[in-house]
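Below, each chain spelled out in residue letters.
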Protein chains: 2
Amino acid sequence: MTVTIYDVAREAGVSMATVSRVVNNNPNVKPQTRKKVFEAIERLGYRPNAVARGLASKKTTTVGVVIPDISNAIFAEVARGIEDIANMYHYNIILCNADKRKEKEIRVINTLLEKQVDGLLFMGGVVTDEHMQAFQTATVPIVLCGTNVEGNTMAAVDIDHQQAAHDAVKLLLDKGHRRIGMISGNLQDPNNGFSRYNGYKNALEEAGVAFDESLVRIGNHRYESGIEAMKYFLELPERPTAIFSATDEMAIGAIHAAQDAGLAIPGDISVISVDNSRMASMVRPLLTTVAQPMYDIGAVSMRLLTKLMNKENVEKGKVTLMHEVIQRQSVAEV
Amino acid sequence: MTVTIYDVAREAGVSMATVSRVVNNNPNVKPQTRKKVFEAIERLGYRPNAVARGLASKKTTTVGVVIPDISNAIFAEVARGIEDIANMYHYNIILCNADKRKEKEIRVINTLLEKQVDGLLFMGGVVTDEHMQAFQTATVPIVLCGTNVEGNTMAAVDIDHQQAAHDAVKLLLDKGHRRIGMISGNLQDPNNGFSRYNGYKNALEEAGVAFDESLVRIGNHRYESGIEAMKYFLELPERPTAIFSATDEMAIGAIHAAQDAGLAIPGDISVISVDNSRMASMVRPLLTTVAQPMYDIGAVSMRLLTKLMNKENVEKGKVTLMHEVIQRQSVAEV
DNA sequence: CTGTTAGCGCTTTCAT
DNA sequence: ATGAAAGCGCTAACAG
């Protein structure tokens, strides 16, 4: 039925070992025998069985990646960065959506480990003790990708979310805004939620502006929740002159809600956010936002993982990528 | 080092076969021995090796999916549909981006097959003879997902792109438009390109409107190319009263280009497209478009594949999902 | 440069 | 209900 390395060996009149060598590009084969083997392979239509190879060599050249939701543009961009680099180093990726839900995350970590991935890229929500426990059963390297965890034990790559938020709010402050609303993500989410919220608070504090609880609305990162939040702000007796949104998508919702109410952006209200997803350049006015290098977060994570899998010495296990304020058209001086 | 089924057997005082049985939920095990084995597993922290299992059983419970570009919102949505159903049937997916490039597509098909996936989901560009050749070397089922191919040999799920385009243009016609521009994708692309272009042409023909070559512009599916196309249309001596765009993203570019030029949508120009990506509801005016059920295309493909892998009898190998015109705000009567 | 020989960790008849 | 044993298809010493 299926042709094996043994069939090729017989066909070529050599041993399995020799076939294995030519398949694996081992230089220790006489060009002539190499040729014979290639011909036999061709003739028989031999295709190496990677599973058998994986069992024998204890390497599968596949890595697991757990991601919150591939249909989310931000994560999809990260995933592309991951896959490109994986590909470059001849790895394949097994992709699992876990929706930032603990049970699902832990379950997929375990099945990925059962499948003998050579490494694991984890992009999740909160990292609990149970996560750490699961990680510790692994005998392969793991890197956290855009995922925060207390302590310094694990390899990780991310941006400084708090600083990014801080910089966004700082820009508003510099433009003279003092009454600044925030549309936050869920505060349980360490990165997109809590850190960005803290960045907002401490930029305000630094500028001597009193924090006003009634000026922050919690959204769910989606467009509609941006709309809801802006509606709320517009009904305030004294409405903010600027809004800081934790994500682009909510910011765009906010912009549209304001425009729908007959207000001009940034004339009447300025809006800034963080992400710089592609949508930021697909709105009117163009969205001012702080760029988070999604693709690079994925690419750098994967590159780090390849080094770890290769047992190379890695100087710094934690890498923080730079964010950058992209000034476009949605922020004006007050 | 690693604990194997043999270690568990020894620890539990049974044979490997018995351990294998309890791990695989084979009912032929006395509850008492089952318990003993579970305890041993627990005590030793045993984790079954899926690679070894795969070699022995010739099933890997993983399927390969080749996709053009996971960072594209449309495909990402399809991928989510695929993964959800895969998960439901206890499969994992190996995801490969191939950018609709033949060489890359064929390469990944082969590595996926080497990795002994139990099935393959192919989402690509043109399916050439070389593709067919690669497919024919497979001993596992393959389903084409959102990918067209002449002949009726392969399982496939998709929408009727030509009809979808036709329906979009028909709406414009029904609203009284006669001078209708089209922003097309690359005509080499069978689905998003050629089929939609044909739908446009034949809707026109049906309505007795002469086809005018100068009214179609080829874009690359991206926002910017929508902008370029609209600029072109606006400079025409007699500009169109409506535009049909092959994709939402180009449509949004077109809308913005018109608005930037001081024109009102749909007052001055109507715009319709096909896709109904999430962005369609994230523009002003809300985009009228014909909905393509991306998630379902993925989900149904994967479901079909599970049946095929399970050797179930499948009534129809080709399934065409329904599209639907979603009327929002970007089309007006002329 | 090439061949021999053990496994890798599990499933799966076949007995019992 | 359980065990023995033969592979699954390949890699990796080791010898020569």
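As annotated in an unreviewed UniProt entry, chain A carries the name Catabolite control protein A and comes from Paenibacillus mesotrionivorans.

(A) Structural view of the relation of the copies chain A and chain B. For the pair chain A and chain B, the superposition axis carries a translation of 0.1 Å, the fit reaches an RMSD of 0.2 Å, and the rotation angle comes to 180°. The superposition of one copy onto the other is thereby described by a two-fold rotation axis. Looking at the rotation axis and the C-alpha trace of chain A, the residue lying nearest is A:Ile94, at 2.2 Å. When the interface residues of chain A are mapped onto chain B, 100% of them again lie at the interface, so the same face is used by both copies.

(B) View of the interface of chain A and chain B. Residue-level contacts link 50 residues of chain A with 51 residues of chain B. When chain A packs against chain B, close to 4500 Å² is buried across both sides, 50% of that on carbon and sulfur atoms. At the junction of chain A and chain B, the tally comes to eight salt bridges. Note that A:Asp99 and B:Arg80 form a salt bridge whose closest N and O atoms lie 2.3 Å from each other. Inspection of the chain A/chain B interface yields 26 residue pairs in polar contact (both at pLDDT 80 or more).

(C) Quick peek at the protein's contact with DNA strand D. Lining the immediate environment of DNA strand D, one finds 28 residues, of which A:Ile5, A:Ser20, A:Tyr46, B:Thr18 and B:Arg21 sit closest. Counting only atoms of DNA strand D within 4 Å of the protein, the fraction found in sugar and phosphate groups is 62%. Here B:Thr18 contributes a side-chain N or O atom positioned 2.7 Å from a phosphate oxygen of DNA strand D. Here a phosphate oxygen of DNA strand D and a backbone polar atom of B:Lys30 are 2.8 Å apart. Listed by contribution, the elements that provide at least two residues to the surface near DNA strand D are helix 2 (16-23) and helix 4 (50-57) of chain A together with helix 2 (16-23) and helix 4 (50-57) of chain B. Looking at side-chain class alone, the surface near DNA strand D contains twelve nonpolar, eleven polar and five charged residues.

(D) Fine view of the protein's contact with DNA strand C. With respect to spatial proximity, 26 residues lie near DNA strand C, and among them A:Arg21, A:Lys30, B:Ile5, B:Ser20 and B:Tyr46 are the closest. In this structure, a phosphate oxygen belonging to DNA strand C sits 2.8 Å away from a side-chain N or O atom of A:Thr33. Secondary-structure elements contributing two or more residues to the surface near DNA strand C are helix 2 and helix 4 of chain A together with helix 2 and helix 4 of chain B. With four residues, the top contributor of residues to the surface near DNA strand C is helix 4 of chain B. Across the surface near DNA strand C, the residue classes break down as twelve nonpolar, ten polar and four charged.

(E) Spatial organisation of unusual backbone geometry. Cis geometry is found at the peptide bond from A:Arg284 to A:Pro285, where omega equals -10°. Following B:Ile265, the chain continues into B:Pro266 via a peptide bond in cis, with omega recorded as 5°. Inspection of the secondary structure assignment puts B:Pro266 in the loop between helix 11 (248-260) and strand 9 (270-275). Located in the positive-phi region is A:Lys100, a residue other than glycine, with phi close to 60°. Structurally, the position occupied by A:Lys100 is in the loop between strand 2 (92-97) and helix 6 (102-114). According to the relative accessible area criterion, A:Lys100 is partly exposed, its value standing at 27%. Even without glycine at this site, A:Gln116 takes up a positive phi of about 65°. Topologically, A:Gln116 is positioned in the loop between helix 6 and strand 3 (119-122).

(F) The domain arrangement of chain A, seen in detail. Examined at the domain level, chain A breaks down into domain 1 (5-48), domain 2 (60-159 + 294-322) and domain 3 (161-291). On a C-alpha basis, the centroid separation for the pair domain 1 of chain A and domain 2 of chain A is 37 Å.

(G) Focus on the packing of helix 6 (residues 102-114) of chain B against helix 7 (residues 129-136) of chain B. Residue and element names in this part refer to chain B. Remark: helix 6 packs on helix 7, axes separated minimally by 10 Å, with the N-to-C direction vectors making an angle of 0°. By the criterion of interaxial angle, the relationship of helix 6 to helix 7 is roughly parallel. Counted together, Lys102, Glu105, Ile106, Ile109 and Leu113 of helix 6 and Glu130, His131, Ala134 and Phe135 of helix 7 form the full contact between these two elements. The residue makeup of the contact of helix 6 with helix 7, split by class, is five nonpolar, one polar and three charged.

Each value, and the rule that gives it
- The numbering scheme is per chain: residues are counted from 1 as the chain's sequence reads.
- Whichever chain is written first becomes A and whichever ligand is written first becomes 1, with later ones labelled in order.
- Where local features are concerned, this predicted model is filtered to residues with pLDDT of at least 70; where side-chain atom pairs are given and counted, the filter is 80 or more; whole-chain, interface and lining totals use all residues.
- The basis for every side-chain value is the complete set of non-hydrogen atoms in the structure, without hydrogens or water.
- When the copies are superposed, the least-squares fit takes in the C-alpha atoms of residues with a pLDDT of at least 70 in both.
- Contacts between residues were defined by any pair of non-hydrogen atoms, one from each residue, lying within 4.5 Å.
- By convention, the term buried area covers the 1.4 Å-probe accessible surface removed from two parts as they join, with the contributions of both added.
- Here a salt bridge means any side-chain nitrogen of Lys or Arg lying within 4 Å of a carboxyl oxygen belonging to Asp or Glu.
- Polar contact criterion, stated in full: a pair of N or O atoms within 3.5 Å, where within protein one must be able to donate a hydrogen and the other to accept it, and residues adjacent in sequence count only if both atoms are side-chain atoms.
- The rule for a residue being near a molecule or strand is that one of its heavy atoms must lie within 4 Å of it.
- Numbering of helices and strands runs from the N terminus; a helix is a DSSP stretch of H or I covering at least four residues, while a strand is a stretch of E covering at least two.
- Residues are grouped as follows: Ala, Val, Leu, Ile, Met, Phe, Trp, Tyr, Cys and Pro are nonpolar; Asp, Glu, Lys and Arg are charged; all remaining types, including Gly, are polar.
- Per-residue accessibility, obtained with a 1.4 Å probe over protein chains only, is compared with the maximum for each type, and a residue is labelled buried under 20%, exposed over 50%, and partly exposed between these values.
- The domain limits used here are those given by an automatic or database domain assignment.
- An axis is simply a line fitted to the C-alpha atoms; with a helix, the fit covers only the stretch in contact. Between two such axes, the angle follows the N-to-C directions and lies from 0 to 180 degrees.
- Geometric relationships in this document are graded by angle, where less than 35 degrees denotes roughly parallel, more than 145 denotes roughly antiparallel, 65 to 115 denotes roughly perpendicular, and other angles denote oblique.

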